[in-house]
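Read off the chains here:
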Amino acid sequence: MSEFVRTIRLWFAPEQVREEGGTPDYRFSLANERTFLAWLRTALALIGGGFAVDQFLPDLRWGWRVGLALALLGAGVLCSLRALNHWVRCERAMRRGEDLPASRFPALLSLVVAVVAVAMVVVVLVGWEG
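Residues numbered from 1 in each chain as written. Predicted model: local features only at pLDDT ≥ 70, side-chain atom pairs only at ≥ 80, totals over all residues. Heavy atoms only, no water.

Draft legend 1. Main features of the overall build of the protein chain. Counting secondary structure elements, the protein chain contains 4 helices and 0 strands. In terms of overall dimensions, the protein chain is more spread out than a globule: its C-alpha atoms have a radius of gyration of 19 Å, far above the 14 Å expected for 130 residues. In terms of overall dimensions, the protein chain has C-alpha extents of about 60 × 25 × 20 Å along its principal axes. Here the protein chain, with 130 residues, has 32% of them falling under the buried criterion. Per element, the accessible surface of the protein chain, about 8,500 Å² overall, is 66% carbon and sulfur. Within the protein chain, one finds 14 positive and 12 negative side-chain charges whose respective centroids are separated by 2 Å. (Helix = DSSP H or I, 4+ residues; strand = E, 2+ residues; numbered from the N terminus. Rg over C-alpha atoms; globule rule 2.2 N^0.38 Å. Buried < 20%, exposed > 50% of the residue type's maximum accessible area, 1.4 Å probe, protein only. Areas by Shrake-Rupley, 256 points an atom, 1.4 Å probe, with all protein chains shown as cover. Lys, Arg positive; Asp, Glu negative; His and termini not counted. Charge placed at Lys NZ, Arg CZ, Asp CG, Glu CD.)

This is the structure we're talking about:
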């Protein structure tokens, strides 16, 4: 079974994570959980932003409105899935005594948010009617 499939299976069976390695200091596990919850809050904010763009900017051209809304909604979905995946990977690494996994996802998410923000600046400067 590939490592990716195994990790996804662990999303739904966190008790299996405990079977690997030793128990880390509980403070590290709680910090990992707080990080997971912070990522979920970020995902909810992105999803809320996507709905807000769609619902509260009706005068914006359809393509702009849908594009910006879908970019934010997609980023929210990816962020929530990545939160879970990162939690499992970090918990496993701590139990095994390994280095925590590196991730490019924060950079990717930052770029998506920056692109949407620049697009919103253009919308504000040019105007919504069009």
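Draft legend 2. Molecular detail of the UniProt feature "transmembrane region" (unreviewed entry) in the protein chain. UniProt tags residues 36–56, 62–84 and 105–128 as "transmembrane region" (unreviewed entry). End C-alpha atoms of residues 36–56 are separated by 30 Å, and the span's content is 100% helix alongside 0% strand. The distance separating the terminal C-alpha atoms of residues 62–84 is 33 Å; by composition the span is 100% helix and 0% strand. (UniProt positions renumbered as here; feature names shortened; annotations may be inferred.)

Draft legend 3. Examining the layout of surface pockets more closely. Put simply, the largest pocket is a space of about 230 Å³. Forming the boundary of the largest pocket are 13 residues, of which R18, S29, W87, E91 and R95 lie nearest the centre. For the lining of the largest pocket, the secondary-structure elements that each account for two or more residues are α2 (26–56) and α3 (62–96). Per-element accounting of the lining of the largest pocket gives the leading share, 4 residues, to α2. (1 Å grid on protein atoms, 1.4 Å probe; cavity = no way out; pocket = protein on both sides within 12 Å on 5 of 7 lines; lining within 4 Å. Points joined across faces, edges and corners; volume = space filled by probe spheres on them.)

Draft legend 4. A look at a nonpolar patch on the surface. A cluster of nonpolar side chains, contributed by W64, V118, V121, V122, L125 and V126, occupies part of the molecular surface with about 600 Å² of accessible area. When residues of the nonpolar patch are assigned to their parent elements, the largest contribution, 5 residues, is made by helix α4 (residues 105–126). Looking at the secondary structure, you find W64 in helix α3. Classification of W64 by relative accessible area gives partly exposed; the value is 36%. (Patch = residues over 30% accessible without salt bridge, like charges linked within 9 Å, V, L, I, M, F, W, Y side chains within 5 Å. Salt bridge = Lys/Arg side-chain N within 4 Å of Asp/Glu carboxyl O.)

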